[in-house]
Amino acid sequence: MVLVAEPAADTNRGDSFVEEAIAHLDTLYRGALRLTRDPARAEDLVQDTYVRALRYQNSYQAGTNMKAWLFAIMRNLFWDRFKGGRPEDVSLDGDSQFALYDTLKDPSAMPEADVLDRIAAEEVVKAVEQLPELHREVVLLVDVEGFSYKDAAEVLGVPIGTVMSRLHRARRQLQKLLYDYAQESGIVHSKEEGA
Amino acid sequence: MNCTDCLERLDQYVDRELTDEELDQVRRHLADCPPCEDLFRLKMNMRRVVKVCCDQGVAPEALRSRLRQILY
């Protein structure tokens, strides 16, 4: 997933490469939208991802995971452009806020599974978009795109254990955001109120 | 397998990242433990709902044509 090859220019290979890459456009655009939270920025990010992918197409090995390769390019561009550089493997993983939430072990903070189906799609998207970027991107890769931990780790350039811990915290936070929303909007009542 | 072991592996279970042996151990624990089974259902449902909700919409047609012009 390291972009080191010389720029390429074999026309026939180029056309089939572009076809294969373009087949992932909708997926990539949705990912860009979740990352940037802005349609214009998402379009720019996707366009630049494809330009860079074409330029470095020789570093892509045919038959391997094109979607993962494109996501890796897009994700790196996103951090370079919008966040002022790629993240170090940082403090978020030890974020005490979530550690605290983990230790609460409060049964009333756990929604029934079917409550989620009563929450509108845009509220779920909004909750995902509220996650810190490092957590949001792992949810995108694993939950939305169905990447294995190994592929997600390659895209993000981190060990598999980091993918697992970020994913765990991201899901805990999502659970809390959605449950808070469900309570605020009256979809569920807190168990104390109901008791 | 006790509840702590099960909860530690629940994300991997949901994501099909366990070995066959571990998978079987978690499955047997869930069958006997309603609280862990509840949490498992919640995690499965959450993953499904997040996918369904975030996987909607297509790229704007203008972007698609612009890319075709740039890339070919």
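Presented here is a report on the structure given in the accompanying data block. Numbers given to residues run from 1 along each chain, matching the order in which its sequence is written. Here chains are named by letter from A upward and ligands by number from 1 upward, in the order in which they appear as written. Where totals are concerned, whole chains, interfaces and linings use all residues; where local detail is concerned, this predicted model gives features only for residues with pLDDT of at least 70, and gives and counts side-chain atom pairs only at 80 or more. To get the side-chain values, all heavy atoms of the structure are used, and hydrogens and water are removed first.

Put simply, DSSP marks the helices as runs of H or I at least four residues long and the strands as runs of E at least two long, and each gets a number from the N terminus on. Looking only at helices and strands, one finds 10 helices and zero strands in chain A. Listing the helices and strands of chain A from first to last along the sequence gives α-α-α-α-α-α-α-α-α-α. Exposure classes here rest on a 1.4 Å probe applied to the protein chains alone. A residue is buried below 20% of its type maximum, exposed above 50%, and partly exposed in between. Counting all 195 residues of chain A, 50% fall into the buried class. Contact between two residues is taken to exist if any of their heavy atoms lie within 4.5 Å; hydrogens are not considered. Across chain A, the fraction of contacts at a sequence separation of at least 24, relative to all contacts at a separation of at least 6, is 73%. Throughout, the Shrake-Rupley method with a 1.4 Å probe supplies accessible areas, and for residues the shown protein chains are the sole cover considered. Carbon and sulfur atoms make up 49% of the accessible area of chain A, which amounts to about 9200 Å² in all.

Taken together, the contacts link 32 residues of chain B with 41 residues of chain A. Note: buried area is the sum, over both parts, of the accessible area (probe 1.4 Å) each one loses when the two are combined. Summing both sides of the interface, chain B and chain A together bury roughly 3500 Å²; the carbon and sulfur share of this comes to 63%. Basic side-chain nitrogens of Lys or Arg form a salt bridge, by our definition, when they fall within 4 Å of a carboxyl oxygen of Asp or Glu. Counting every contact that joins chain B to chain A gives seven salt bridges. Linking B:Asp15 and A:Arg171 is a salt bridge whose minimum nitrogen-to-oxygen distance equals 2.8 Å. Whenever a nitrogen or oxygen atom comes within 3.5 Å of another N or O atom, the pair is scored as a polar contact, on the condition that within protein one atom can donate a hydrogen and the other can accept it, and that pairs from neighbouring residues in sequence are kept only if both atoms are in side chains. If you look at where chain B meets chain A, you find 17 residue pairs in polar contact (both at pLDDT 80 or more).

The next subject is helix H4 (residues 61–71) of chain B. Residue and element names in this part refer to chain B. Those residues of H4 that sit buried are Leu63, Arg64, Leu67 and Leu71. Buried residues of H4, seen end-on, are gathered within an arc of 100° and therefore sit on one face of the element. Facing away from the buried surface of H4 by more than 90 degrees, the exposed residues are Glu61 and Gln69. Think of it as the arc spanned by the lines of direction from the helix axis to the C-beta atoms.

Tallying each qualifying case throughout the model produces 22 salt bridges over all chains. In this structure, B:Arg66 engages A:Glu43 in a salt bridge whose closest nitrogen and oxygen atoms are separated by 3.0 Å. Here B:Arg66, found in helix H4, pairs with A:Glu43, found in helix H3 (residues 39–55), and the two come from separate chains. By relative accessible area, which is 29% here, B:Arg66 ends up partly exposed. On the basis of relative accessible area, A:Glu43 is assigned to the buried category, the value being 19%. Across the pair A:Glu123 and A:Lys126 runs a salt bridge, and its minimum N-O distance is 3.4 Å. You can see A:Glu123 and its partner A:Lys126 sitting in helix H6 (residues 121–130), three residues apart, about one turn around the helix. By relative accessible area, which is 44% here, A:Lys126 ends up partly exposed.

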